[in-house]
Amino acid sequence: AQSVTQPDIHITVSEGASLELRCNYSYGATPYLFWYVQSPGQGLQLLLKYFSGDTLVQGIKGFEAEFKRSQSSFNLRKPSVHWSDAAEYFCAVGRNSGNTPLVFGKGTRLSVIA
Amino acid sequence: GAVVSQHPSWVICKSGTSVKIECRSLDFQATTMFWYRQFPKQSLMLMATSNEGSKATYEQGVEKDKFLINHASLTLSTLTVTSAHPEDSSFYICSARLPGGHYGYTFGSGTRLTVV
């Protein structure tokens, strides 16, 4: 079965600083990987996803993520954080076959300070 | 496209009563719907998988008699929390795979359940 680890529970960055949120996955085959963002009391918004091809994926709101098979990682990055990026971020992994659900990591809460 | 409409967005109910949450696929047919529960400041945990025309598959530790899932049509899946207790208060979200050749998932907007 697949699993996801997000090692950082809470990260605080200054506005304008760069950001990297870590995600490690466990899955025996090529995974399908996702990053979602959730604001308090809200649903999930897809930031980006990786299925195959170029390992550097561009998403919305200036986010990008890089798939590294050798490290089983799919870290999310943003070069300059805005105060509105403060939210909960979830990494998720899906199987590349079958009608199966996503498995989510525990999430990383991002705080942005002035 | 591929929108899942979830209702209600929030609901408050008294202990002992039942609450039904609906998820409708608006512009596609969802043969399978996934139901997640999210406690405050926690991640999304899969509760069950519903399949149109058959019994739902529940994850370990989820009480099937308490969380009744029905998937009576290709566009509607429902979750009924029976005899609700305060510990059932949570955020419930449904999800379906995107149709056609698009890989990905669509999510409902979630239902905040508060049991008093």
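Residues numbered from 1 in each chain as written. Chains lettered and ligands numbered in written order. Predicted model: local features only at pLDDT ≥ 70, side-chain atom pairs only at ≥ 80, totals over all residues. Heavy atoms only, no water.

Brief notes about the state of the cysteines
Step number 1: Scanning all chains against the criterion turns up two disulfides over all chains.
Step number 2: Note that A:Cys23 is cross-linked by a disulfide to A:Cys91, the S-S spacing being 2.0 Å. Disulfide A:Cys23-A:Cys91: torsion about the S-S bond near -65°, hence left-handed. With A:Cys23 in the loop between β3 (19–21) and β4 (24–26) and A:Cys91 in strand β10 (residues 87–94), this residue pair connects regions lying 68 residues apart in the sequence.
Step number 3: Between the sulfur atoms of B:Cys23 and its disulfide partner B:Cys94 the distance amounts to 1.8 Å. The sign of the -95° torsion about the S-S bond sets the B:Cys23-B:Cys94 disulfide as left-handed. In this pair, B:Cys23 sits in strand β3 (residues 19–25) while B:Cys94 sits in strand β9 (residues 90–97), placing the two residues 71 residues apart along the sequence. (Disulfide = S-S within 2.5 Å. Helix = DSSP H or I, 4+ residues; strand = E, 2+ residues; numbered from the N terminus.)

Looking at the sheet that holds strand β7 (residues 67–73) of chain B
Hydrogen bonding along the main chain pairs the strands of a sheet, whether they run parallel or antiparallel.
Residue and element names in this part refer to chain B.
Step number 1: A sheet is described by the order of its strands in space; here four strands give the open sequence β1-β3-β8-β7, paired in antiparallel fashion. Every other strand in the sheet has two partners, leaving β1 (4–7) and β7 as the edge strands with one partner each. On average, each strand axis in the sheet is inclined to that of its neighbour by 15°, with strand direction left out of account.
Step number 2: Two elements, β3 and strand β8 (residues 76–81), share six bridges in a ladder whose sense is antiparallel. (Pairing = 2+ DSSP bridges. Axes fitted to C-alpha atoms, helices over the stretch in contact; angles between N-to-C directions.)

As for a nonpolar patch on the surface
Residue and element names in this part refer to chain B.
Step number 1: On the surface, Trp10, Ile12 and Val116 cluster together into a nonpolar patch covering about 380 Å² of accessible area.
Step number 2: With respect to the helices, strands and loops of the structure, Trp10 is situated in strand β2 (residues 10–13).
Step number 3: Of the residues examined, Trp10 reaches a relative accessible area of 60% and is grouped as exposed. (Patch = residues over 30% accessible without salt bridge, like charges linked within 9 Å, V, L, I, M, F, W, Y side chains within 5 Å. Areas by Shrake-Rupley, 256 points an atom, 1.4 Å probe, with all protein chains shown as cover. Salt bridge = Lys/Arg side-chain N within 4 Å of Asp/Glu carboxyl O. Buried < 20%, exposed > 50% of the residue type's maximum accessible area, 1.4 Å probe, protein only.)

Some thoughts on the interface of chain A and chain B
Step number 1: At the interface, 21 residues of chain A touch 19 residues of chain B.
Step number 2: Of the roughly 1600 Å² buried between chain A and chain B, counting both surfaces, carbon and sulfur atoms make up 58%.
Step number 3: Contact with chain B buries area across many residues of chain A, yet A:Asn99, A:Pro101 and A:Phe104 alone supply 30% of it, more than any other trio.
Step number 4: Put simply, chain A and chain B have zero salt bridges between them.
Step number 5: Counting the contacts that link chain A with chain B gives five residue pairs in polar contact (both at pLDDT 80 or more).
Step number 6: Mapped by element, the contributors of at least two residues to the side of chain A that touches chain B are β5 (32–38) and β10 of chain A.
Step number 7: Take the side of chain A that touches chain B: its biggest share by element is four residues, from β5(A). (Contact = heavy atoms within 4.5 Å. Buried area = accessible area lost by both parts, 1.4 Å probe. Polar contact = N/O pair within 3.5 Å; in protein donor to acceptor, adjacent residues only side chain to side chain.)

Comments concerning the pattern of salt bridges
Residues and elements named next belong to chain A.
Step number 1: As enumerated under the stated definition, the model contains six salt bridges over all chains in all.
Step number 2: Close ionic contact of Glu66 with Arg77 constitutes a salt bridge, the shortest N to O distance being 3.3 Å. Of this pair, Glu66 sits in strand β8 (residues 64–68) while Arg77 sits in strand β9 (residues 73–78), placing them eleven residues apart in sequence.
Step number 3: Classification of Arg77 as partly exposed rests on a relative accessible area of 23%.
Step number 4: The shortest N-O distance in the salt bridge between Asp85 and Lys78 comes to 2.8 Å.
Step number 5: Overall, the relative accessible area of 4% leaves Asp85 in the buried class.
Step number 6: Because the salt bridges share partners, they merge into one network encompassing Glu64, Glu66 and Arg77.

None of the figures reported here should be taken as evidence of function without further support.
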